[in-house]
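Chain residues, written in single-letter form:
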Amino acid sequence: MSIPGPGGQGLQLTPFRGLRYVAERVGSLAAVTSPPYDVVVRPDGLRELETADPHNIVRLILPQADTPAERHRQAADTLRRWQAEGVLAPDPEPALYVYEQRDSQILQRGLIGALRLSPREEGIVLPHEEVMPHIVEDRADLMRATAANLEPLLLAYRGNGDGGDAAGGAARVVERAIQREPLLSTTTEDGFDHRLWRVTDPADLVEIAADLRDRQALIADGHHRWSTYLRLREERAEPGPWDFGLVLLVDTTRYPLRVRAIHRLLRHLPVAKALASARTAFRVRTVDGPLPRALDALAEAAAAPDGRNAFLLAGDGGFHLLDRPDPGLLARTVPEGRPETWRTLDATVLHSLLLDHLWQIPDSAEQVGYIHNAEAAVEQAERYDGTVVLMHPVREDVVHELARQGVAMPRKSTSFGPKPATGLVLRSLTLG
């Protein structure tokens, strides 16, 4: 992807002194890691992480207290205490970090560093989703209190090849790094192996910088944190560490990302009531379970030539497929003035036709929950006697197309992965 803006600034990934767990002071590195904050959605999942190790990173990214101010103060106090006790310690010199994730099906490698922040208008970092202001505010308060970037965003860029002779620049540095002994290696409960290497050689850093200066990146995961970075930078008049934010950059020509859906939990809407309204606009059919089989039916409906949009509703012990929406209702309810690609997105139709028009449910944290895991979403819907709307993933090329046009998708439209584990390397804004 070429940089459209002036000056050839491109992606500027700078070394930083990583703040990392001291292996001897914790039960295991796996036990102190966590998924990103917005993936830890179930109370039992939060409790499991908190009890895995008293120093689990979730105590920093999702502190538990009675008020937001107390939560953020607690996170800041915990971070300071862990550094004072030697649980977390900074690396001796600034570095970029090669990060590898691997399981039986996926291999992903990328570079972790502090990326120069840039607004959308510069065309260097391309968001593709809208954000929820209250989440940005919460993350901003947490970052102010801790003066730290606690977890890296996931950014995708396109390099020079698939690993053959055309590979060079950053890709070549990554391939050289993985020939050495890793800085750390651990396996998390989800079956992923994680390895980390430091890159400090000046020649390697120059090679990476030269490669990235003509690139642009897509925010694959972390829109709220990117918006938070930009807000906090705007609060400061003088240049400094807040001009940069912690990211993982992945070259998707070599390591393609996996795209999954994010599902909607409607805690106060029973399935029977949801279906009664949906039948006025969609074809509604009951499909066989279990969940994987029902999701296959959703995928088939989404791929059908006349399918257009399809959703799977659950929460009453069954699975109900919605497809073939009424074209007249779509024309009346989906906003005009956007590209047809945006107007036909499942997320657009869900929010415009179902949530706003038929169900009249405001898109607020009290009414709509966003859950990445389909099984967890169904469990919660049944627990609350509510409805979960299971979504089909958006194609990655659609995401890129809209991002290049500067058109934001409805929030929480996609889930790119694998996501970096939180807790392997942190960035303190107070370190040199």
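Quick summary incoming for the structure in this document. Keep in mind it's a predicted model, so treat the numbers as computed, not measured. (Residues numbered from 1 in each chain as written. Predicted model: local features only at pLDDT ≥ 70, side-chain atom pairs only at ≥ 80, totals over all residues. Heavy atoms only, no water.)

### What to know about the overall build of the protein
Line of reasoning, step 1. Counting its regular elements, the protein contains 14 helices and 21 strands.
Line of reasoning, step 2. Against the compact-globule benchmark of 22 Å for 432 residues, the protein has a radius of gyration of 22 Å, which places it among compact chains.
Line of reasoning, step 3. Once the C-alpha set of the protein is aligned to its principal axes, its extents read approximately 65 × 45 × 45 Å.
Line of reasoning, step 4. Within the protein, the proportion of its 432 residues that are buried is 56%. (Helix = DSSP H or I, 4+ residues; strand = E, 2+ residues; numbered from the N terminus. Rg over C-alpha atoms; globule rule 2.2 N^0.38 Å. Buried < 20%, exposed > 50% of the residue type's maximum accessible area, 1.4 Å probe, protein only.)

### Remarks on the environment of Thr-430
Line of reasoning, step 1. One can find Thr-430 in the segment after strand S21 (426-428).
Line of reasoning, step 2. With 65 residues separating them in the primary sequence, Thr-430 and Ala-365 have C-alpha atoms 33 Å apart.
Line of reasoning, step 3. One polar contact links Thr-430 to Ser-428, side chain to side chain, over a distance of 2.8 Å. (Polar contact = N/O pair within 3.5 Å; in protein donor to acceptor, adjacent residues only side chain to side chain.)

### Structural notes on the sheet that holds strand S15 (residues 283-287)
Either a parallel or an antiparallel arrangement is found when strands of a sheet pair, and the pairing is made through backbone hydrogen bonds.
Line of reasoning, step 1. Here 6 strands make up an open sheet; going across it, the order is S15-S17-S16-S19-S14-S18 and the pairing antiparallel. Both edges of this open sheet fall to S15 and strand S18 (368-371), since each of them pairs with a single strand only. Adjacent strand axes in the sheet meet at a mean angle of 25 degrees when their direction is disregarded.
Line of reasoning, step 2. Here strand S14 (residues 263-266) pairs with strand S19 (residues 387-390) via 3 bridges, running antiparallel. Bridging from a neighbouring strand, Arg-264 pairs with Val-389 of S19.
Line of reasoning, step 3. Lying on the sheet, helix H9 (residues 291-303) is in contact with S15, strand S16 (310-314), strand S17 (319-323) and S19; it crosses S16 at an angle near 155 degrees.
Line of reasoning, step 4. Against the sheet, helix H13 (residues 374-384) touches S14, S16, S18 and S19, its axis set at about 160 degrees to S19. (Pairing = 2+ DSSP bridges. Axes fitted to C-alpha atoms, helices over the stretch in contact; angles between N-to-C directions. Contact = heavy atoms within 4.5 Å.)

### Structural notes on the pattern of salt bridges
Line of reasoning, step 1. The final tally for this structure, using the stated rule, is 28 salt bridges.
Line of reasoning, step 2. Note that Glu-175 is salt-bridged to Arg-254, the shortest N-O span being 2.5 Å. Highlighted residues: Glu-175 in helix H5 (residues 170-177) and Arg-254 in the loop between strand S12 (244-251) and strand S13 (258-260), separated in sequence by 79 residues.
Line of reasoning, step 3. Put simply, Arg-343 and Glu-336 hold a salt bridge, and the shortest N to O gap is 3.9 Å.
Line of reasoning, step 4. Residues joined by salt bridges that share partners form a network here, namely Glu-100, Arg-102, Arg-109, Glu-175, Arg-195 and Arg-254. (Salt bridge = Lys/Arg side-chain N within 4 Å of Asp/Glu carboxyl O.)

### Digging into helix H14 (residues 396-404)
Residues lying three or four places apart along an α-helix face the same way, a consequence of the helix completing one turn every 3.6 residues.
Line of reasoning, step 1. By the burial criterion, the buried members of H14 are Glu-396, Val-398, Val-399, His-400, Leu-402 and Ala-403.
Line of reasoning, step 2. Turning to H14, the residues buried within the fold contact strand S6 (125-126), strand S11 (217-221), S13, helix H11 (340-343) and strand S20 (415-417).
Line of reasoning, step 3. Looking one or two residues past H14, Gly-406 carries a phi angle of roughly 75 degrees, positive in sign.

### Concerning the pairing of S18
Line of reasoning, step 1. Alternating positions in S18 separate into two faces, Val-368 and Tyr-370 on one and Gly-369 and Ile-371 on the other, with burial throughout.
Line of reasoning, step 2. Inspection of the sheet shows S14 paired to S18 by 4 bridges, in the antiparallel sense. Bridging from a neighbouring strand, Leu-265 pairs with Gly-369 of S18.

### Regarding the pairing of strand S10 (residues 193-199)
Every regular strand shows the same layout, with side chains that alternate between the two sheet faces.
Line of reasoning, step 1. In terms of strand pairing, strand S4 (residues 96-102) meets S10 through 7 bridges, oriented antiparallel. Considered in S10, the bridge of Tyr-99 is made with Leu-196.
Line of reasoning, step 2. The pairing of strand S9 (residues 184-187) with S10 spans 4 bridges and is classified as antiparallel. Residue pairing across strands places Ser-185 opposite Arg-195, the latter belonging to S10.
Line of reasoning, step 3. From the end of S9 to the start of S10, which pair antiparallel, there are 5 residues, and Gly-191 there has a positive phi angle of about 90 degrees.

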